[in-house]
Amino acid sequence: TGGAFSTYGEAEPGTFRFLRGEGLFRSHCSAAGVQRGFCIRCGSALTLQPAGGAGVSFSLGSLDTPASFSPDAHIHLSRRAGWHAHCGCDGLPRYMEQRRPASAHY
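Let me sum up the structure you'll find in this document.

Procedures and definitions
Residues numbered from 1 in each chain as written. Predicted model: local features only at pLDDT ≥ 70, side-chain atom pairs only at ≥ 80, totals over all residues. Heavy atoms only, no water. Helix = DSSP H or I, 4+ residues; strand = E, 2+ residues; numbered from the N terminus. Buried < 20%, exposed > 50% of the residue type's maximum accessible area, 1.4 Å probe, protein only. Polar contact = N/O pair within 3.5 Å; in protein donor to acceptor, adjacent residues only side chain to side chain. Pairing = 2+ DSSP bridges. Axes fitted to C-alpha atoms, helices over the stretch in contact; angles between N-to-C directions. Phe/Tyr/Trp six-rings, centres within 6.5 Å; stacked < 30°, edge-to-face > 60°.

## Notes on the environment of Ser62
Following the sequence through the fold, Ser62 ends up in the segment after strand 5 (56-59). Looking at Ser62, the relative accessible area reads 33%, which means it is partly exposed. On a C-alpha basis, the gap between Ser62 and Leu46 in space is 6.6 Å, while along the polypeptide they are 16 residues apart. Here Ser59 takes part through its backbone oxygen, which lies 2.6 Å from a polar atom of the side chain of Ser62.

As structure tokens, this is what we get:
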């Protein structure tokens, strides 16, 4: 994302859809087998979907309205910026990598 943090929501397979702008959406398959979706106009990262269709992660920054849900975990802490010390004081589960099985490469 170019920043120290990226915030994604998760949706079950078949439950995520665009309400508008779908014609501006493209995706490509990364070397890790992840479908990465982006906006062809501005290049913004929009979605991540592992091979096998285990669901889709979507960028919360791409939503037109504020999300009506709260975080439920911190993931990929091993990749956090070196200057960021995560205290864990919010009580949410913390994962050094992903919380999904190793076969899902988010």
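## A look at the sheet that holds strand 4 (residues 45-50)
Taken together, the five strands give an open sheet; going across it, the order is 1-5-4-3-2, and neighbouring strands pair in antiparallel fashion. Single-partner strands in this sheet number two, and they are strand 1 (8-11) and strand 2 (25-29). For this sheet, the mean angle separating the axes of adjacent strands, direction not counted, is 20°. As defined by bridge partners, strand 1 adjoins strand 5 across four bridges and the pair is classed as antiparallel. Note that in strand 5 the partner of Ala11 across the bridge is Val56.

## Things to note about the packing of aromatic side chains
Here the structure, examined in full by the defined rule, presents three aromatic pairs. Look at Phe18 and Phe25: their rings are 4.8 Å apart centre to centre, the planes differ by 50°, and that puts the pair in the tilted class. Among the residues examined, Phe18 registers a relative accessible area of 24% and is labelled partly exposed. Given the relative accessible area of 21%, Phe25 is considered partly exposed.

## Overview of unusual backbone geometry
Of note in this structure, His76 is not a glycine but carries a positive phi near 60°. Take His76: it is sitting in the segment after strand 5. Relative accessible area serves as the criterion here: at 17%, His76 is assigned to the buried category.

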